[in-house]
Amino acid sequence: TEAMQQFILHWGEMGSRWGVNRSVAQIHALLFLAEEPLSAEEIADTLSVARSNVSNSLKELQNWELVTITHVLGDRRDHFEAKKDIWEVLTVVLDGRKRREIDPAINILEQCSKNLDDGTPSEVGQRIHSMLEFLNEANQWYEQTRHIPRATLLKLMRMGAKISKVVA
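Rules used throughout
- Residues numbered from 1 in each chain as written.
- Predicted model: local features only at pLDDT ≥ 70, side-chain atom pairs only at ≥ 80, totals over all residues.
- Heavy atoms only, no water.
- Pairing = 2+ DSSP bridges.
- Helix = DSSP H or I, 4+ residues; strand = E, 2+ residues; numbered from the N terminus.
- Salt bridge = Lys/Arg side-chain N within 4 Å of Asp/Glu carboxyl O.
- Buried < 20%, exposed > 50% of the residue type's maximum accessible area, 1.4 Å probe, protein only.
- Phe/Tyr/Trp six-rings, centres within 6.5 Å; stacked < 30°, edge-to-face > 60°.
- Axes fitted to C-alpha atoms, helices over the stretch in contact; angles between N-to-C directions.
- Parallel < 35°, antiparallel > 145°, perpendicular 65-115°, else oblique.
- Contact = heavy atoms within 4.5 Å.
- Nonpolar A, V, L, I, M, F, W, Y, C, P; charged D, E, K, R; others polar.

**Quick word on the pairing of strand E3 (residues 75-82)**
Pairing of strand E1 (residues 38-39) with E3 involves two bridges; the strand directions are antiparallel. In the strand pairing of E3, Ser39 is matched with His79. Of the strand pairs in this sheet, strand E2 (residues 67-72) and E3 are connected by six bridges, and their pairing is antiparallel. Looking at E3, one finds that Ile69 is bridged to Phe80. What sits between E2 and E3 in their antiparallel hairpin is a turn of two residues, with Gly74 showing a positive phi close to 85 degrees.

Encoded structure:
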């Protein structure tokens, strides 16, 4: 449908802004919207994308744990389906980004912090410590919020800036 096409195209654009290949994001969007699992051929035909591009994209989506292989009775081909719960999708993406981006940054900053010597300007050392402290706090906050029940998270989100009155 037009709405589905619009969503898939937009998701592809958003993916490229997040550092994800446009085809990967579009395939994810298609599988997210699909009512039934799709084969790689169906995905390639629907999106007018090369079959090899679909295969590579599906591998990447499987590595992110956003897409799984399933089988359809009477069909020998692999079929693919995406997680349908947007909260679960968000959690998987955030966990993956944390593992690939935040955790290594914290490790490097810890190493830099340990390797500061007398030749390093104090302002530079303070910036490194400040960034490490920030990332550790953000990481700790994320780890704590990961275990908050969804209903409670929704209430917190809906409170918005009002939460500052409770904390202050």
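**With respect to the pattern of salt bridges**
Tallied over the entire structure, the rule returns 10 salt bridges. The residue Glu88 makes a salt bridge to Lys83 at a minimum N-O spacing of 3.2 Å. Overall, Lys83 belongs to the partly exposed group, its relative accessible area being 22%. Here Glu101 ties to Arg97 by a salt bridge, and the two come within 2.8 Å at their closest N and O atoms. Highlighted residues: Glu101 and Arg97, both in helix H5 (residues 86-114), separated by four residues, approximately one helical turn. Look at Arg97 and you get partly exposed, because its relative accessible area is 28%. A cluster of three or more residues bridged by salt bridges with shared partners is formed by Glu41, Arg51, Asp75 and Arg77.

**Details of the packing of aromatic side chains**
Summed over all chains, the structure comprises three aromatic pairs. Between Phe7 and Trp11 the ring centres are 5.6 Å apart and the planes differ by 15 degrees, which places this aromatic pair in the stacked class. With Phe7 and Trp11 both in helix H1 (residues 2-17) and four residues apart, this pair spans about one turn of that helix. Classification of Phe7 by relative accessible area gives partly exposed; the value is 28%. Judged by its relative accessible area of 22%, Trp11 falls in the partly exposed class.

**A short note on the packing of helix H2 (residues 22-33) against helix H3 (residues 40-47)**
Relative placement of two packed helices is described by the angle separating their axes and the distance separating the axes. Two elements in contact, H2 and H3, have axes whose closest approach is 11 Å; the angle formed by their N-to-C orientations is 110 degrees. On the basis of their axis angle, the class for H2 and H3 is roughly perpendicular. Between H2 and H3, the contacting residues are Gln26, Ile27, Leu30 and Leu31 on the first element and Ile43, Thr46 and Leu47 on the second. Taken together, the residues of the contact of H2 with H3 break down into five nonpolar, two polar and no charged.

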